[in-house]
Amino acid sequence: MSRSIRQIHLAAHFPGVNSTTVWTDPTAGSQIDFASFEHFAATAERGLFDYVFLAEGLRLREHKGRIHELDVLGRPNTLSILAAVAAITEHVGVVGTLNTTFNEPYELARQLATLDHLSGGRAGWNAVTSSDAFHGANFRRGGYLDHADRYERAREFAQLAKELWDSWPEDGVRADAATGVFLDDGVPTRVRHRGAQFDVDALFDVPRSPQGRPVIVQAGDSADGRAFGAEHAEVIFSLHQEFEDAREFYDDVKGRLAHYGRQEDSLKILPAATFAIGDTDEEARERSREIALQQVRPEVALTYVEQVWGRDLSGYDPDGPLPDVEPDTGSETARGWANRHAAVRARIAKLRELSEAEGLSIRELVIRLTAQHTFVGTPARIAAEIDRFVQERATDGFTIVGHLTPHGLDEFAERVVPLLQERGSYRRSYDEGATLRDLLGLPVPHPAPALAAR
Amino acid sequence: MTEQVHIAIAFERTGWHPAAWRESTARPHELASPAYWRDLLRTADDSGVALATIEDALSLTDRFEPLEGLRRDRVRGRLDAVLIASFVAPLTRRIGLVPTVTTAHTEPFHVATGIQTLDFASRGRAGVRLVAGASAAERANFGRRAAGVDAIPASGRVEDSPEILAAFREASEFADVLSRLWDSWQDDAIIRDAATGRFLDADRVHNIEFEGEFFAVTGASIVPRSPQGRPLLTVLAHQTVPYRLAAAHADLVFTTPHEAGGRPGFELDAIRAELDAAADDLRTGDERLRVYADLLVLIEDTEPAARSAAERLDEWDGAPLTSDARIVVGTPGDVADAVRELAAAGVDGVRLRPARLPADVVAIAEKVVPLLRSTRTLREDDGAGTLRARLDLARPESRYVREKVAL
Ligand SMILES: Cc1cc2nc3c(=O)[nH]c(=O)nc-3n(C[C@H](O)[C@H](O)[C@H](O)COP(=O)(O)O)c2cc1C
């Protein structure tokens with residue numbers, strides 16, 4: 001019977017920066033010292049997670065023309081920290097967010113292949129397309145790519161990366177000391193790619209890595225984003241965490257797979273999930289409330305609306321209603337996460353509607369938008385809810401985001417994971433030598449046709 | 001009293017002899033494995049040498065090696081050096097980790113944060129060696145630039161190639177951007193002031209606003225200031241233009257002196273004279289540029305054994321070994337003598353390039369280092385916490401602190 005139970009996949013998001021992390025808590029540690037990563041990775045491995053996961057931000061957020069001061073800022077370089085984490089772990093995957101707009105395929109493909117070798121087949125790449133001119137100002141190509149062009153570049157980027165990874169056959173290094181042949185003729189295959197974004201004639205210089213191709217993860221929600229995910233991603237990190245919404249997203253994206261000749265199980269969907277645990281549900285709700293108030297302090301709430309409005313709202317009471325002034329849509333100060341999407345006015349209309357319908361103050365509204373915890377309750381309730389999402393095909397699991405660095409995952413690993421195991425829907429140990437692809441139950445990628453013929 | 005020097009080891013795939021992979025002690029099938037790099041770097045770490053450099057290039061072929069007619073009897077393929085260094089960081093305790101980075105195709109922003117992160121992961125032992133220029137093979141892999149450096153000009157002089165000169169201007173900008181990004185957070189930027197709700201003090205984090213000929217970088221680093229403040233910046237240099245790059249930006253320069261009469265212009269005195277002149281011209285800050293001399297070494301217990309090993313390798317490769325660095329084929333004592341000579345001539349350190357890995361790094365660790373220790377030629381590890389401290393380099397203050405004082 002237990003064979004029919006769908007298995008839950010969990011990723012562990014290192015909650016370094018932004019307002020999810022409560023730095024004012026007395027137990028909060030450094031978001032950058034390596035000791036924090038050691039602790040976090042050890043917990044993820046103790047909890048038998050599929051992978052540890054890092055987001056990426058390539059420019060420090062600014063507010064009113066100054067570097068943002070209120071939340072945790074400052075994080076490591078994604079690839080370097082994951083290589084170091086690979087050295088101190090044995091089983092858990094190492095997955096990083098790395099953008100396709102401000103990297104070059106040859107370099108990133110070789111870095112990811114390197115990470116896959118050094119981790120013994122545990123590497124993954126969350127391919128994101130952001131950014132705007134604000135981030136671009138830190139890079140050679142600078143400037144801005146249109147939304148459509150960004151996904152065009154992302155598609156070509158992923159395609160080219162796969163060709164590079166496939167250009168070495170398995171066991172491609174002959175290294176026959178007796179005959180003196182290091183590489184056979186035709187190894188690696190020359191990769192010729194002529195596209196609108198890239199024009200290369202490459203000989204890849206990293207031998208085929210344990211997973212052949214590192215696992216490709218994707219985060220992005222537009223129609224273009226979903227199409228890209230359906231074509232290339234093996235995991236999608238989404239923000240759809242309410243049951244019905246999650247199931248709709250799941251059906252939509254999985255429904256697109258057939259078009260690309262893919263099976264349902266070749267893609268896992270792991271939405272972000274936050275949590276608050278208590279001995280009773282009531283206690284958990286109180287805990288959730290406390291965490292939210294720490295996450296959205298009055299000055300944080302005001303900053304949030306200032307970023308949407310693009311103007312100084314410091315005179316407003318965070319415990320009062322939304323400002324009744326018009327936004328400054330021409331302003332350059334409105335930057336960063338808060339108003340990345342959609343037009344500002346439409347956004348504000350929505351915020352007004354929500355706050356009026358539910359009678360929310362500025363701070364309550366921001367809590368509602370950014371600090372509503374996905375799972376709130378006893379460990380048993382949380383385990384049951386997670387299991388329901390997976391058994392009823394709303395998700396394949398979750399990307400768990402704690403609110404504390406580096407101990408935020410401990411309680412989940414200690415109290416929720418054993419209950420998932422009891423339900424029969426979560427692994428009880430890692431298999432020796434399992435790759436990240438194995439942990440996720442993903443198919444092994446086909447070798448490139450030219451090599452199959454070898 | 002003999003002068004004392006630090007020892008560095010330069011890691012290159014299966015060693016610096018192109019046929020080294022055919023030795024029975026070589027591990028050519030494991031070049032991409034974590035165990036290979038962990039073992040090599042731990043051997044070096046345990047021996048007490050000061051730092052390890054790790055070679056890299058963004059192509060299957062070696063620098064200036066033609067794309068056509070690829071020789072298949074030589075080692076091909078490698079891993080990214082910054083990631084090898086990051087991987088071994090938590091697995092080693094004292095050794096400095098100095099990966100190679102090519103400046104032509106990489107983003108200075110990514111490199112700056114990558115090396116800062118290496119500094120955090122190694123708890124203050126990070127450095128970087130910058131290499132200028134883009135070879136034809138590298139350009140084909142990236143497909144972004146038509147022009148680049150295809151060969152050293154016939155004269156052998158960098159000055160005679162506009163492409164190489166441009167590559168060095170780019171490398172110079174690159175180095176400048178690295179150090180600006182490394183300075184962009186003052187040490188005390190993170191204040192965690194619960195009373196005002198401020199995690200950091202924005203006055204102590206600075207957008208660098210850099211605009212140059214090759215790129216512009218506006219923002220501050222995303223990484224807070226790392227344990228060393230600025231990780232160690234190094235270059236390998238053979239002539240005036242690269243000497244000037246080193247004098248302007250580096251903490252440490254690797255040079256290739258030959259014994260008197262070996263190669264004109266490569267006597268240590270001549271090199272130092274050029275470096276001093278460049279430093280007078282270009283160097284800012286208080287620290288003297290540290291000068292390390294490179295030696296390519298093949299080590300066996302007896303001289304005949306060393307010679308026959310070298311002959312065997314040369315025969316496999318079809319040509320005698322050549323190198324930009326002086327080659328010492330001999331006993332541990334011969335290598336120690338060569339190091340002592342350089343020490344007496346006043347270099348700060350000697351970088352040994354093992355002809356064969358792991359064989360010659362094991363010989364360095366087990367035989368050469370103890371000899372140097374017994375004659376007090378080796379600068380002993382004084383337990384200093386960071387690479388800079390071990391090399392007697394001060395921890396630099398962020399330029400933004402100084403600017404404030406100057407106001
Ligand atoms: C859940 C989620 C997480 C994301 N994480 C990152 C990130 O860490 N770094 C980043 O630069 N962009 C991130 N993005 C931005 C996406 O890569 C993408 O650029 C953005 O969502 C716009 O694409 P879309 O319109 O398809 O959603 C994330 C997006 C989503 C939905």
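Note that the structure is a prediction, hence the values are computed from the model and not measured.

A. Broad picture of the overall build of chain A. Tallying secondary structure elements over chain A gives 15 helices and 17 strands in all. Against the 2.2 N^0.38 benchmark of 22 Å for 454 residues, chain A shows a C-alpha radius of gyration of 23 Å, consistent with a compact globule. Taking all 454 residues of chain A together, 62% fall into the buried category. Considering only contacts within chain A whose residues lie at least 6 apart along the sequence, 76% involve residues at least 24 apart. As displayed, chain A offers around 17,300 Å² of accessible surface, 48% of which is attributable to carbon and sulfur atoms. If you average the places of the 50 positive and of the 70 negative side-chain charges in chain A, the two averages end up 3 Å apart.

B. Geometry of the overall build of chain B. Summing up its helical and strand segments, chain B has twelve helices and 13 strands in all. Against the globule reference of 22 Å for 407 residues, chain B gives a C-alpha radius of gyration of 21 Å, in line with a compact fold. Across its three principal axes, chain B shows a C-alpha extent of roughly 75 × 50 × 45 Å. Out of the 407 residues belonging to chain B, those deemed buried represent 61%. Intrachain contacts of chain B at a sequence separation of at least 6 include 76% that bridge at least 24 residues. On chain B, roughly 14,600 Å² of surface is accessible, and the fraction owed to carbon and sulfur atoms is 50%. For chain B, the centre of its 50 positive side-chain charges and the centre of its 64 negative side-chain charges are spaced 4 Å apart.

C. Fine view of the site of the ligand. All names here are of chain A. As a matter of local geometry, the ligand sits amid 16 residues, with Ser130, His147, Tyr151, Asp221 and Ser222 nearest to it. Contact between the ligand and tyrosine 151: an oxygen atom at 2.7 Å from a side-chain N or O atom of the residue. Aspartate 221 is positioned such that a nitrogen or oxygen atom in its backbone is 2.7 Å from an oxygen atom of the ligand. In terms of residue class, the shell around the ligand is built from six nonpolar, seven polar and three charged.

D. Structural detail: the interface of chain B and chain A. Contacts between the two partners involve 78 residues from chain B and, on the opposite side, 80 residues from chain A. The largest contributions to the chain B side of the interface with chain A come from Arg72, Leu83 and Ile222 of chain B, which together make up 12% of the buried area. Counting across the chain B and chain A interface gives seven salt bridges. Counting the contacts that link chain B with chain A gives 40 residue pairs in polar contact (both at pLDDT 80 or more). For the side of chain B that touches chain A, the secondary structure elements donating two or more residues are helix H2 (81-88), helix H3 (108-121), helix H4 (136-142), helix H5 (162-183), strand S5 (190-193), strand S6 (198-200) and strand S8 (216-217) of chain B. Ranked by residues supplied to the side of chain B that touches chain A, first place goes to H3 of chain B with eight residues. For the side of chain B that touches chain A, a count of residues per class yields 39 nonpolar, 20 polar and 19 charged.

E. Representation of the environment of glycine 424 of chain A. Residue and element names in this part refer to chain A. By secondary structure assignment, the location of glycine 424 is in the loop between helix H13 (410-422) and helix H14 (436-440). A relative accessible area of 27% means that glycine 424 is categorised as partly exposed. Spatially, the C-alpha atoms of glycine 424 and isoleucine 5 are 7.1 Å apart, while their sequence positions differ by 419 residues. In contact with glycine 424, other than residues within four places in its own chain, are Ile5 and Gln7.

F. Expanded view of the confidence of the model for chain B. Overall, the prediction assigns chain B a mean pLDDT of 94, with 97% of residues at 70 or greater. Model confidence for the complex is summarised by a pTM of 0.96, with the ipTM given as 0.97.

G. The nonpolar core, seen in detail. Core analysis: the largest hydrophobic core is formed by 196 residues, its most contacted members being Phe49, Trp125 and Phe412 of chain A together with Phe11 and Trp37 of chain B. Element by element, the count of residues in this core is highest for H5 of chain B, at ten residues. With residues near it in sequence (within four places) discarded, tryptophan 125 of chain A still touches Val95, Gly96, Leu98, Thr100, Leu108, Leu112, Phe157, Ala161, Trp165, Val215, Ile216 and Val217 of chain A.

H. Structural view of the packing of aromatic side chains. On inspection of all chains with the given rule, the structure shows 24 aromatic pairs over all chains. Taking 5.7 Å as the distance between ring centres and 50° as the angle between the ring planes, the aromatic pair formed by tyrosine 106 of chain A and phenylalanine 142 of chain B counts as tilted. Here phenylalanine 142 of chain B lies in helix H4 and tyrosine 106 of chain A lies in helix H3 (residues 105-118), a pairing that spans two chains. The class of phenylalanine 142 of chain B is buried, set by a relative accessible area of 3%. Centroid distance phenylalanine 182 of chain A to tryptophan 21 of chain B: 5.1 Å. Interplanar angle 80°. Geometry classified as edge-to-face. Of the two residues, phenylalanine 182 of chain A is situated in strand S8 (residues 181-183) and tryptophan 21 of chain B in the loop between strand S1 (6-11) and helix H1 (34-47); the pairing between them involves two chains. Note on accessibility: phenylalanine 182 of chain A and tryptophan 21 of chain B belong to one class, buried.

I. Spotlight on the packing of helix H8 (residues 281-295) of chain A against helix H11 (residues 362-370) of chain A. Residues and elements named next belong to chain A. The N-to-C vectors of H8 and H11 enclose an angle of 110°; their axes lie 10 Å apart at closest approach. Considering the angle they form, H8 stands roughly perpendicular to H11. Here H8 and H11 pass one another in a crossing that is right-handed. Each of Arg289, Ala292 and Leu293 in H8 lies in contact with H11, whose residues at this interface are Arg363, Glu364 and Ile367. The residue inventory of the contact of H8 with H11, partitioned by class, reads three nonpolar, no polar and three charged.

Calculation criteria
Residues numbered from 1 in each chain as written. Chains lettered and ligands numbered in written order. Predicted model: local features only at pLDDT ≥ 70, side-chain atom pairs only at ≥ 80, totals over all residues. Heavy atoms only, no water. Helix = DSSP H or I, 4+ residues; strand = E, 2+ residues; numbered from the N terminus. Rg over C-alpha atoms; globule rule 2.2 N^0.38 Å. Buried < 20%, exposed > 50% of the residue type's maximum accessible area, 1.4 Å probe, protein only. Contact = heavy atoms within 4.5 Å. Areas by Shrake-Rupley, 256 points an atom, 1.4 Å probe, with all protein chains shown as cover. Lys, Arg positive; Asp, Glu negative; His and termini not counted. Charge placed at Lys NZ, Arg CZ, Asp CG, Glu CD. Near = heavy atom within 4 Å. Polar contact = N/O pair within 3.5 Å; in protein donor to acceptor, adjacent residues only side chain to side chain. Nonpolar A, V, L, I, M, F, W, Y, C, P; charged D, E, K, R; others polar. Buried area = accessible area lost by both parts, 1.4 Å probe. Salt bridge = Lys/Arg side-chain N within 4 Å of Asp/Glu carboxyl O. pLDDT = per-residue confidence, 0-100. Core = buried A, V, L, I, M, F, W, Y, C linked by side-chain atoms within 4.5 Å. Phe/Tyr/Trp six-rings, centres within 6.5 Å; stacked < 30°, edge-to-face > 60°. Axes fitted to C-alpha atoms, helices over the stretch in contact; angles between N-to-C directions. Parallel < 35°, antiparallel > 145°, perpendicular 65-115°, else oblique. Left-handed = near helix turned anticlockwise from the far one by under 90°.

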